[in-house]
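Here is how the chains run, residue by residue.
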Amino acid sequence: QVQLVESGGGSVQAGGSLNLSCAVSGTDYDAHCVAWFRQTSEKEREGIAAVYTGGGTYYADSMKARFAVSEDAAKRTIYLQMNNLRYEDTGMYYCANRDHYLGGITWREAAYTNWGQGTQVTVTS
């Protein structure tokens, strides 16, 4: 069973930063795609950024300026560095992966088979 566990959320004042972590287990990691999503009170769940086999990264256009995704392959951990946080960033942040990943990037939720429980991010104004 693939397991993903997010951590690093919390409460931060506007303009601050957080670094989220997603620990992945239950897969050999030879071929992988792990993505960060979020769900706020104002928007439906949306993709943020993804890491895929070989260390490649991909960002949603609206996220690239302030968020950065990275990977520690040895630890099988994906990170999301979030800077200059705004009140509108408040929400639940999830990581998810695709089973039997062969290539390509998508933000369709249905394409991601396994999801973590999420970690709450609260930005105070």
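See the structure printed just above.
Cut-offs and rules
- Residues numbered from 1 in each chain as written.
- Predicted model: local features only at pLDDT ≥ 70, side-chain atom pairs only at ≥ 80, totals over all residues.
- Heavy atoms only, no water.
- Helix = DSSP H or I, 4+ residues; strand = E, 2+ residues; numbered from the N terminus.
- Rg over C-alpha atoms; globule rule 2.2 N^0.38 Å.
- Buried < 20%, exposed > 50% of the residue type's maximum accessible area, 1.4 Å probe, protein only.
- Areas by Shrake-Rupley, 256 points an atom, 1.4 Å probe, with all protein chains shown as cover.
- Lys, Arg positive; Asp, Glu negative; His and termini not counted.
- Charge placed at Lys NZ, Arg CZ, Asp CG, Glu CD.
- Salt bridge = Lys/Arg side-chain N within 4 Å of Asp/Glu carboxyl O.
- Pairing = 2+ DSSP bridges.
- Axes fitted to C-alpha atoms, helices over the stretch in contact; angles between N-to-C directions.

Draft legend 1. Structural view of the overall build of the protein chain. Along the protein chain, the regular secondary structure elements total 0 helices and 11 strands. The order of α-helices and β-strands along the protein chain, N terminus first, is β-β-β-β-β-β-β-β-β-β-β. Scaling as 2.2 N^0.38, a compact globule of 125 residues should have a C-alpha radius of gyration of about 14 Å, and the protein chain matches this with 14 Å. Across its three principal axes, the protein chain shows a C-alpha extent of roughly 40 × 25 × 25 Å. When each of the 125 residues of the protein chain is scored for burial, the buried share is 45%. A total of about 6,500 Å² of accessible surface is found on the protein chain, and carbon and sulfur atoms cover 44% of it. Computed over 10 positive and 13 negative side-chain charges, the inter-centroid distance for the protein chain is 3 Å.

Draft legend 2. Spatial organisation of unusual backbone geometry. Located in the positive-phi region is R76, a residue other than glycine, with phi close to 50°. Along the polypeptide, R76 turns up in the loop between β7 (67–72) and β8 (77–82). The backbone of H100 sits at a positive phi, close to 55°, despite the residue not being glycine. Along the chain, the position of H100 falls in the loop between β9 (91–97) and β10 (114–115).

Draft legend 3. Layout of the pattern of salt bridges. Applying the stated criterion across every chain yields a total of 4 salt bridges. Each member of the salt-bridge network shares a partner with another, and the members are R38, E46, R66 and D89.

Draft legend 4. Fine view of the sheet that holds β8. The strand order across the open sheet formed by 4 strands is β1-β3-β8-β7, and the pairing between neighbours is antiparallel. Two strands close off the open sheet at either side, each with one partner strand: β1 (3–7) and β7. Across the sheet, the axes of successive neighbouring strands diverge by a mean angle of 15°, strand direction being ignored. Relative to strand β3 (residues 18–25), β1 is paired through 5 bridges, and the arrangement is antiparallel. Within β3, the residue paired with V5 across the bridge is A23.

Just distances and angles here, no functional claims.
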